[in-house]
Amino acid sequence: LFQAQSTDDPAEAPTIYQQALDAAQAGVTLDPTNPQSHLQAGQAHLGLGDLTAADAAFTEAERLRPRYVLAINYYRETEWITAFNEGVEALQAADQPAAIAGFERAHSIYRGRPEAMIQLGAAYVEADRLEDAVEVFGEALEMMEGPAAERIDDPALLATFPESIQLVRFQRAQLLFQLERYAEAAEVYQEIVDANPADLMAVSNLAASLVAAGDTERSAEIYAQLLARTDLGVLDYSRIGIGAYQGEQFLQAAEAFGRAQELLPQHRDFLYFQAQALYLYVYPDAGTAPPDSAAAAAVAEELVEVGTRLIQMDTHNRTSFRFLLNGLQTLGRQEDMVPLLVALEKPFELPSFQLAAVDGGYVLAGELTNWTGEQGSTANVHFRFYDES
């Protein structure tokens with residue numbers, strides 16, 4: 001080993017390392033319980049570039065003689081630095097396969113610091129290897145929060161752990177949700193919320209994960225707690241509304257969308273979603289128990305109020321009119337339905353449209369339905385655009 005490390009001719013080193021490996025393996029064969037032979041085998045494997053075999057040899061040496069840990073960690077970390085730098089250089093050169101290979105080599109030999117794990121997880125995400133990313137992010141969290149962190153004597157590195165833990169845990173939760181492992185995602189989001197109850201996005205994502213996992217009772221409690229707050233913004237209410245809607249908590253969804261619309265009165269979508277949630281409460285899908293008559297009537301009253309405002313803004317959408325018409329029908333106000341049925345007969349309809357961000361600006365995308373029966377008819381459409389102020 002000494003000759004291989006000190007030779008002036010790098011081309012000779014592999015041959016000498018192989019001789020060292022042969023001698024070390026002969027020692028292992030002679031006495032498998034001798035930790036020094038396993039240690040020497042690990043060093044020889046490192047010299048030959050076989051990090052996986054080196055890891056196995058070092059692991060066995062440390063098992064047989066725990067006091068070897070200091071020397072072994074030195075060998076491991078030295079090789080880790082080389083492999084990690086290879087990964088970083090490949091990343092900077094936009095060579096994703098080489099970057100992954102470098103970070104994987106670093107991860108295979110040393111797991112006493114998290115940088116390679118975090119970079120590897122991010123690279124796996126870029127390569128659409130989401131299951132692998134979830135696994136390695138979990139290992140990074142285990143390292144930063146476990147006893148391995150206590151052995152690090154670099155204050156600057158340790159100072160980065162709190163932020164790294166927060167970012168890695170959040171990304172892992174998002175990946176679990178994306179992989180439809182909803183119960184696991186909820187567990188991770190719960191950990192985030194436990195550490196930082198003021199993280200509204202984490203709380204909202206926790207509720208959404210519970211909905212997807214089928215735990216609507218817990219999600220309803222969380223949405224109720226969120227709606228009891230007075231410090232939420234438009235995006236907060238929007239997320240709550242979407243999550244509650246997906247969990248079929250339609251009254252909570254309607255309340256959230258209504259509060260968002262109060263903050264942005266010209267926002268058509270929030271008003272539409274509020275009306276839709278109220279409608280689905282009064283007229284549930286097949287298989288869902290309908291509300292009692294008193295509850296249905298109370299919500300129908302709100303649906304009429306919201307629907308009346310909606311058709312003033314969404315003037316050429318038949319679905320918006322139907323929300324209002326159904327509310328009136330539930331309340332027995334057939335006389336008020338007649339002028340709406342007349343107004344519904346418009347020559348064209350705008351059933352859907354949205355403003356989408358593109359490079360350098362926005363594009364208005366949607367569809368227009370011609371109800372005149374005359375091909376080539378012309379429709380003049382006037383849009384008003386608002387910003388948040």
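Residues numbered from 1 in each chain as written. Predicted model: local features only at pLDDT ≥ 70, side-chain atom pairs only at ≥ 80, totals over all residues. Heavy atoms only, no water.

Trainee: Got a minute to help me understand the overall build of the chain in this structure?
Mentor: When its secondary structure is counted, the chain shows 19 helices and two strands. Relative to a compact globule of 389 residues, whose C-alpha radius of gyration would be 21 Å, the chain shows 31 Å and is clearly more extended. Projected onto its principal axes, the C-alpha positions of the chain cover 100 × 50 × 40 Å. Relative to its full complement of 389 residues, the chain shows a buried share of 41%. Of all intrachain contacts in the chain linking residues separated by at least 6 positions in sequence, the fraction that spans at least 24 positions is 50%. Accessible area of the chain: about 21400 Å², with a carbon and sulfur share of 51%. Side chains of the chain carry 23 positive and 58 negative charges; the gap between the two charge centres is 3 Å. (Helix = DSSP H or I, 4+ residues; strand = E, 2+ residues; numbered from the N terminus. Rg over C-alpha atoms; globule rule 2.2 N^0.38 Å. Buried < 20%, exposed > 50% of the residue type's maximum accessible area, 1.4 Å probe, protein only. Contact = heavy atoms within 4.5 Å. Areas by Shrake-Rupley, 256 points an atom, 1.4 Å probe, with all protein chains shown as cover. Lys, Arg positive; Asp, Glu negative; His and termini not counted. Charge placed at Lys NZ, Arg CZ, Asp CG, Glu CD.)

Trainee: Explain the pattern of salt bridges here, please?
Mentor: Two side chains of opposite charge can pair, provided their charged atoms sit close to one another. Evaluated as defined, the whole model comprises 19 salt bridges. The partner of E104 in a salt bridge is R129, and the shortest N-O contact between them spans 3.6 Å. Of this pair, E104 sits in helix α6 (residues 96-109) while R129 is found in the loop between α7 (115-126) and α8 (130-145), placing the two residues 25 residues apart along the sequence. Residue classification places E104 among the partly exposed residues on the basis of a relative accessible area of 31%. A relative accessible area of 32% places R129 in the partly exposed class. Among the ionic pairs, R259 bridges to E255, the shortest N-O distance being 2.4 Å. With a gap of four residues between them, R259 and E255 both fall in helix α15 (residues 250-263), about one helical turn apart. Since its relative accessible area comes to 22%, R259 is described here as partly exposed. A relative accessible area of 34% places E255 in the partly exposed class. Salt bridges linked by common partners bring E77, R113 and E115 together as one network. (Salt bridge = Lys/Arg side-chain N within 4 Å of Asp/Glu carboxyl O.)

Trainee: How should helix α17 (residues 293-313) be read in this particular structure?
Mentor: Along an α-helix, residues three or four apart share an orientation, since each turn contains 3.6 residues. Under the 1.5 Å per step criterion, the end-to-end length of α17 is 30 Å for 21 residues, consistent within 8% with the ideal 30 Å. Of the residues making up α17, those classed as buried are A296, V299, A300, L303, V304, V306, G307, L310 and I311. Tucked into the core, α17 has its buried residues touching α15, α16 (268-282), α18 (318-330) and α19 (334-344). The opening residue of α17, the one whose side-chain oxygen lies 3.2 Å from the backbone nitrogen of A294, is D292. (Expected span 1.5 Å × (residues − 1). Polar contact = N/O pair within 3.5 Å; in protein donor to acceptor, adjacent residues only side chain to side chain.)

Trainee: Please explain the side chain of S37 as it appears in this structure.
Mentor: Along the chain, S37 falls in helix α3 (residues 35-47). The exposure class assigned to S37 is buried, which follows from its relative accessible area of 6%. Discounting residues that sit within four places of it in the chain, S37 has contacts with A24, G27 and V28.

Trainee: Explanation requested: unusual backbone geometry in the structure shown.
Mentor: Generally, phi is negative for residues other than glycine and the peptide bonds are trans, each holding for most cases. A positive phi is found at D128, a non-glycine position, where the angle reads about 65°. Tracing the backbone through its elements, the reader meets D128 in the loop between α7 and α8. Positioned with a positive phi, E180 is a non-glycine residue whose angle comes to about 65°. Among the structural elements, E180 can be located in the loop between α10 (161-178) and α11 (182-195).

Trainee: I keep staring at the packing of α8 against α10 and nothing clicks. Help me out?
Mentor: A pair of packed helices can be characterised by two numbers: the angle between their axes and the separation between those axes. Axis separation between α8 and α10 bottoms out at 9 Å; the angle between their running directions is 150°. In terms of orientation, α8 lies roughly antiparallel with respect to α10. α10 is crossed by α8, and the crossing has left-handed handedness. Residues L130, A133, V134, F137, G138, L141, M143, M144 and E145 of α8 form the contact with α10, whose participating residues are F161, S164, I165, V168, R169, Q171, R172, L175, L176 and Q178. Its residues placed into classes, the contact of α8 with α10 shows twelve nonpolar, four polar and three charged. (Axes fitted to C-alpha atoms, helices over the stretch in contact; angles between N-to-C directions. Parallel < 35°, antiparallel > 145°, perpendicular 65-115°, else oblique. Left-handed = near helix turned anticlockwise from the far one by under 90°. Nonpolar A, V, L, I, M, F, W, Y, C, P; charged D, E, K, R; others polar.)

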